[in-house]
Amino acid sequence: MRIKLGANGYGKNAVNLSRIIRHEGYHEFRQVSVSVALTGDFDTAHTVGDNALILPTDTQKNTVYALAREHFTGPIEAFGLVLSQHFLARNPQVAQVRIELVEHLWQRMAFDGAAHPHAFTGGGSEKRTAVVTRTAAGPTVVSGLKGLMLLKTTDSAFVGYPKDEFTVLPETTDRILATECEASWEYTSAQVHFEALYHRIRQSLLRTFSEHKSLSVQHTLYAIGEKILLENEEVKEISLVMPNRHHIPFNLEPFGQENTNEIFVATDAPFGYITGTVTREE
């Protein structure tokens, strides 16, 4: 019997980086978590303990900080491209570099209609994301967001579903639709205007969610993806995760009151978990 090493890789996870960008009269504050993953020719490290081809993960961490001063001044996608090129060009034993970035969003405080030059407030649960994967053939870039809390109080229904002896859920043509949205989209090229496209795609997602006459979470998920692809030729495909955060009408009848679809119990679990990818036909 022969034994061999299968797929393997290694890297440095969760390199937490904060960056002040000093402009005349005001500051930017950026906070990002960077993960590096390398795959390639690392067989001898596993099989005979030879570390000659293993770039230390501590070096990977230091590289993120060292390159940030000059190169982390714009979109996280651009920083990921710089990091991936650095690791691939300097390490011939590496076949693929994957850089994952998660940005924590901060906004400058505002008082009396003016933004404060150096005081910030956090952006809540929402985070901006990017994954840059680079091989000798070139890079691919996937941008996205996660933790985006969305809710609308009407224009949402759920009817016509299969029913059996275990079904107690009543049909409704007027319900709360709430989700914590995660989206990721692959660009057709690494040469696009990442910042402008990110904000345009996010705005399209919000507008479609708010305006769509939803017959299910799946129905709205597809409408969001379809609209983004129709409006942005630079996007190859988009994947969405939209868990259904249930708000269940509370029974007020024991208290002599009628609940006219106004009082709800917000539940954390269990919840519906809806995913989908919308892509262009070849």
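Residues numbered from 1 in each chain as written. Predicted model: local features only at pLDDT ≥ 70, side-chain atom pairs only at ≥ 80, totals over all residues. Heavy atoms only, no water.

The next thing to look at is the overall build of the protein chain. For the protein chain, the count of helices and strands is five helices and 10 strands. Compactness check: the protein chain gives a C-alpha radius of gyration of 23 Å against a globular reference of 19 Å for 282 residues, more than 25% above the reference. Across its three principal axes, the protein chain shows a C-alpha extent of roughly 75 × 70 × 40 Å. Among the 282 residues that make up the protein chain, the fraction classed as buried is 37%. Sequence separation of at least 24 residues holds for 64% of the intrachain contacts in the protein chain that already meet a minimum separation of 6. Summing over all exposed atoms, the protein chain offers an accessible surface of approximately 16500 Å²; the carbon and sulfur share of this is 52%. On the protein chain, the mean spot of the 26 positive side-chain charges and the mean spot of the 33 negative ones are 8 Å from each other. (Helix = DSSP H or I, 4+ residues; strand = E, 2+ residues; numbered from the N terminus. Rg over C-alpha atoms; globule rule 2.2 N^0.38 Å. Buried < 20%, exposed > 50% of the residue type's maximum accessible area, 1.4 Å probe, protein only. Contact = heavy atoms within 4.5 Å. Areas by Shrake-Rupley, 256 points an atom, 1.4 Å probe, with all protein chains shown as cover. Lys, Arg positive; Asp, Glu negative; His and termini not counted. Charge placed at Lys NZ, Arg CZ, Asp CG, Glu CD.)

Let us now look at the packing of helix H4 (residues 194–211) against helix H5 (residues 217–231). Contact geometry for H4 and H5: axes closest at 9 Å, N-to-C directions at 140°. In terms of axis orientation, H4 runs oblique to H5. In the packing of H4 onto H5, the handedness of the crossing is right-handed. Facing Arg200, Ile201, Ser204, Leu205, Thr208 and Phe209 of H4, the residues of H5 in contact are Thr220, Ala223, Ile224, Lys227, Ile228 and Glu231. Residue composition of the contact of H4 with H5, grouped by class: six nonpolar, three polar and three charged. (Axes fitted to C-alpha atoms, helices over the stretch in contact; angles between N-to-C directions. Parallel < 35°, antiparallel > 145°, perpendicular 65-115°, else oblique. Left-handed = near helix turned anticlockwise from the far one by under 90°. Nonpolar A, V, L, I, M, F, W, Y, C, P; charged D, E, K, R; others polar.)

With that settled, the discussion passes to a nonpolar patch on the surface. Residues Ile248, Phe250, Phe255, Ile263 and Val265 make up a contiguous nonpolar surface patch of roughly 440 Å² in combined accessible area. Here Phe250 shows up in the loop between strand S8 (247–249) and strand S9 (264–266). Phe250 sits in the partly exposed class, given a relative accessible area of 36%. (Patch = residues over 30% accessible without salt bridge, like charges linked within 9 Å, V, L, I, M, F, W, Y side chains within 5 Å. Salt bridge = Lys/Arg side-chain N within 4 Å of Asp/Glu carboxyl O.)

With that out of the way, let us pick up the sheet that holds strand S2 (residues 26–40). One open sheet accounts for eight strands, arranged S1-S2-S3-S4-S5-S6-S7-S10; its pairing is antiparallel. With one partner strand each, in any of the chains shown, strand S1 (10–23) and strand S10 (275–279) form the two edges of the open sheet. Neighbour-to-neighbour, the strand axes of the sheet open up by a mean angle of 20°, direction not taken into account. Of the pairings in the sheet, the one linking strand S5 (residues 138–152) to strand S6 (residues 177–187) comprises nine bridges and is antiparallel in character. Note on S6: the bridge partner recorded for Leu151 is Ala178. (Pairing = 2+ DSSP bridges.)

Both S6 and strand S7 (residues 235–241) contribute to a ladder of six bridges, which runs antiparallel. Looking across to S7, one finds that Tyr187 is bridged to Val235.

A word on the pairing of S2. Here S1 runs beside S2; their pairing, made up of 12 bridges, is antiparallel. Pairing of Ile21 across the sheet is with Glu28, part of S2. Counting the residues in the hairpin turn of S1 and S2 gives two residues, including Gly25, whose phi is positive at 95°. Across 10 bridges, S2 lies against strand S3 (residues 94–111) in antiparallel orientation. Its bridge partner being in S3, Ser33 is matched across the sheet by Val102.

Counted according to the given criterion, the structure contains eight aromatic pairs. A centroid spacing of 5.1 Å and a plane angle of 20° characterise the contact between Phe72 and Phe79, whose relative ring orientation is stacked. Ring centres 6.1 Å apart and planes at 35° place the aromatic pair Trp185 and Tyr198 in the tilted group. Of this pair, Trp185 sits in strand S6 while Tyr198 sits in helix H4, and the two are 13 residues apart along the sequence. One aromatic cluster is present, formed by Phe29, Trp106 and Phe120 through successive ring pairs. A cation over a ring is seen here: Arg128 above Tyr198, with NZ or CZ 4.0 Å from the ring centre. (Phe/Tyr/Trp six-rings, centres within 6.5 Å; stacked < 30°, edge-to-face > 60°. Lys NZ or Arg CZ within 6 Å of the ring centre and 35° of its normal.)

Before going further, it helps to spend a moment on the side chain of Ser156. You can see Ser156 is positioned in the loop between S5 and S6. The contacts of Ser156, once residues within four sequence positions are left out, are Thr173, Asp174, Arg175, Leu177 and Ser214.

Here we come to unusual backbone geometry. The amide bond that connects Ala269 to the next residue, Pro270, takes the cis arrangement and shows omega of -10°. A positive phi angle, close to 55°, is found at Ala14, a residue other than glycine. Note that Ala14 resides in strand S1. Residue Ala14 is classed as partly exposed on the basis of its relative accessible area, which comes to 44%.

Bear in mind that shape data such as this cannot, by itself, settle questions of function.
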